[in-house]
Amino acid sequence: MPGRGLILGIETSCDETAAAIVQRGEHTLSSVVASQIATHARYGGVVPELASREHLRAIVPVVRAALAEAHLALADLDAIAVTSGPGLAGALLVGITYAKALAFAQSLPLIAVNHLEGHIHAVLLHERESEPRLAAKGTGFSPYFEAPKDGGALAPESNPAEPALALVASGGHTHLYLARPAHGSWTYSLVGRTVDDAAGEAYDKVAKLLGLGYPGGPWVDALARYGDPHAVPFSFAQIKPKAHLAGKTARTKAARTAPIARLDPRFMFSFSGIKTAVLRYVELHDMRGEAQARAARLYPAKPLGAPGPDSETRETTHPHQPTPSAPPSAPFVLEGREGISVNPSPPRPPQTREQALALCPQPTLDLIASFQHAVVGDLMKKTFAAAESLGARRILVTGGVAANRELRARFIAEAAARGVQVSFPTPSLSTDNAAMIAAAAWPRLLAKEFAPPGLTADPSLALGVGD
Ligand code: KG4
Ligand code: ZN
């Protein structure tokens, strides 16, 4: 029996150390995230080795903070859930090793969760948590046309038994899944994905190119509203059938386990082209110097020798690059539902938006707005086409990019026009967190699907492939 259904979730797949306690997959008792932004920002991307080191520093205080925020002790828990992949191997191992040790010491079952499934459960968790609130608004309330203030957007009569089309758009993934409810749990089929960069990766690279901060999504989001979205006509070419494979046999494990050749090219994404188009535009219009000056003004304290906007980003997708000489650890920030903050926050768009705005001439704001308009348009076009083609009347949008305001507004408007439902997590549940991991583990606890004692990290763990 799952007792009170109290699951501690642990998430360390990339650059956030997170722990949360969720009851019965529907009630978040605590959710704490230690951000590593301050550590990676100076490199303009996540440095895998530094991420592992920061997880090691943060994991114990973060789990303690999650227990404290929920007013619980380890002995009160019914299970421990941990992200087992996909993600950075060393980063995942910190969470897995700690979760295993806790489970062993407390004689608790350990549940392995796929990070991508976790992102999908962030939407479902938010839906379950908002239902009482929405119901309390009375029969006159139509969430279809009125987005809740926290950014979540629900739609008319939701039928939880229907299949849903899920878009997971983050820094590492831009994947479309058909999710089908099955005996209290879900099954997934991959129906589309990016053939190169993820949407969030494009945001991060373009922001870096323009001398803005890391991660780039929130910066572009904050500045795009001041520009003309039609100033630069970016376009996306239709992916040709099998063009992405060019007749070659898949070489990497990820490519073998996600055979993109059999996916419908109409639902495939490609974001490396728009990144190059922005780069060309910047060069053609002599905007390089302006971007460098902006970076120097926004990050005056950048350590000597640290890569600037012109340096190569250390991408999470290239984990084998040599480790840079490790900088001293930045203070990490704990953010909890009750605003736990043990260290001052690093500068973030809300604090520095005015400063960034003052440093962006109108043509730069127009470029930012046009980039975002094109990316959101492409995500929308393919997601709605897939939903229509597969007969899904529910769309779930999740992952860090789902925090984007223009994306939410346009998905809501399009869903209303088409008479389908669209749901998002809250912005803080959209980016990496552990509440989504604890929520995804609940059906597994009920089904007694526990992790094997030899559980280890699977950096290229796939979802919905081969069912
Ligand atoms: O889901 P997430 O926290 O981590 C991964 O699993 O990758 O997503 C992080 C990504 C980053 O690329 C970041 O730039 C992007 O999500 N992101 C956004 C916004 N907030 C975060 N992109 C667009 N608009 C935002 N508001
Ligand atoms: Zn993620």
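Residues numbered from 1 in each chain as written. Chains lettered and ligands numbered in written order. Predicted model: local features only at pLDDT ≥ 70, side-chain atom pairs only at ≥ 80, totals over all residues. Heavy atoms only, no water.

### Side note on the environment of A41
Mapped onto the secondary structure, A41 falls in the loop between α1 (37-40) and α2 (48-70). Sequence separation between A41 and K208 is 167 residues, and the spatial gap between their C-alpha atoms is 10.0 Å. (Helix = DSSP H or I, 4+ residues; strand = E, 2+ residues; numbered from the N terminus.)

### A closer look at the coordination of the zinc ion (ligand 2)
Surrounding the zinc ion (ligand 2) are the protein donor atoms H115 (NE2), H119 (NE2) and D432 (OD), at 2.0 to 2.1 Å. Of note is the zinc ion (ligand 2), whose four donor atoms meet at the metal with angles of 95 to 140 degrees in an arrangement that counts as irregular. Read from N- to C-terminus, the donor residues coordinating the zinc ion (ligand 2) fall into the pattern H-x3-H-x312-D. Of this pair, H119 sits in helix α4 (residues 115-136) while D432 is found in the loop between α13 (427-430) and α14 (435-446), placing the two residues 313 residues apart along the sequence. (Donors = N, O, S within 2.8 Å, 3.2 Å for Na, K, Ca; no water. Tetrahedral: all angles 85-135°; square planar, octahedral: opposite > 155°, others 65-115°.)

### Section: the pattern of salt bridges
Any two side chains of opposite charge can pair, given that their charged atoms come close. Following the criterion strictly, the structure yields 17 salt bridges and no others. For E117, the salt bridge goes to R444, with nearest N and O atoms at 2.5 Å. Separated by 327 residues along the polypeptide, E117 in helix α4 and R444 in helix α14 bring together distant segments of the chain. Residue class for E117 comes out buried when judged on its relative accessible area of 3%. Across the salt bridge formed by E283 and R288, the nearest N and O atoms sit 3.6 Å from each other. Classification of E283 as partly exposed rests on a relative accessible area of 42%. (Salt bridge = Lys/Arg side-chain N within 4 Å of Asp/Glu carboxyl O. Buried < 20%, exposed > 50% of the residue type's maximum accessible area, 1.4 Å probe, protein only.)

### Side note on unusual backbone geometry
With glycine set apart, most residues show a phi of negative sign, and most peptide bonds adopt trans. For the bond from G85 to P86, the omega torsion is -10 degrees, close enough to zero to count as cis. Tracing the backbone shows P86 in the loop between β4 (79-85) and α3 (89-106). That bond from Y214 to P215 is cis: its omega, -10 degrees, falls within 30 degrees of zero. Secondary-structure assignment places P215 in the loop between α5 (199-209) and α6 (216-224).

### Observations regarding the site of ligand 1
Surveying the vicinity of ligand 1 reveals 21 residues, the closest of which are G171, D204, G217, D221 and D432. One of the backbone nitrogen or oxygen atoms of G171 is found 2.8 Å away from an oxygen atom of ligand 1. With the chains in place, 90% of the 550 Å² that ligand 1 exposes on its own is no longer accessible. Secondary structure elements with two or more residues in the shell around ligand 1: α4, α5 and α6. Per-element tally for the shell around ligand 1: the top contributor is α6, with four residues. Partitioned by chemical class, the residues of the shell around ligand 1 number five nonpolar, 13 polar and three charged. (Near = heavy atom within 4 Å. Polar contact = N/O pair within 3.5 Å; in protein donor to acceptor, adjacent residues only side chain to side chain. Areas by Shrake-Rupley, 256 points an atom, 1.4 Å probe, with all protein chains shown as cover. Nonpolar A, V, L, I, M, F, W, Y, C, P; charged D, E, K, R; others polar.)

### Details of the nonpolar core
Here is a general trend for soluble globular proteins: nonpolar side chains tend to be buried in one another's company. Core analysis: the largest hydrophobic core is formed by 57 residues, its most contacted members being L165, V278, F371, L379, V397 and F411. Residues within four places of V278 in sequence aside, it is in contact with V206, L209, F234, L367 and F371. One finds L67, I80, L92 and L455 within the second-largest nonpolar core, a separate group that totals 30 residues. (Core = buried A, V, L, I, M, F, W, Y, C linked by side-chain atoms within 4.5 Å. Contact = heavy atoms within 4.5 Å.)

### Side note on the packing of α5 against α6
When two helices pack together, their arrangement is captured by the angle between the axes and the distance separating the axes. Two numbers describe how α5 lies on α6: the axes approach to 7 Å, and their chain directions differ by 70 degrees. When the axis of α5 is compared with that of α6, the two are roughly perpendicular. From α5, Y203, D204 and A207 reach across to α6, where they touch G216, G217 and V220. Counted by class, the contact of α5 with α6 contains three nonpolar, two polar and one charged residues. (Axes fitted to C-alpha atoms, helices over the stretch in contact; angles between N-to-C directions. Parallel < 35°, antiparallel > 145°, perpendicular 65-115°, else oblique.)

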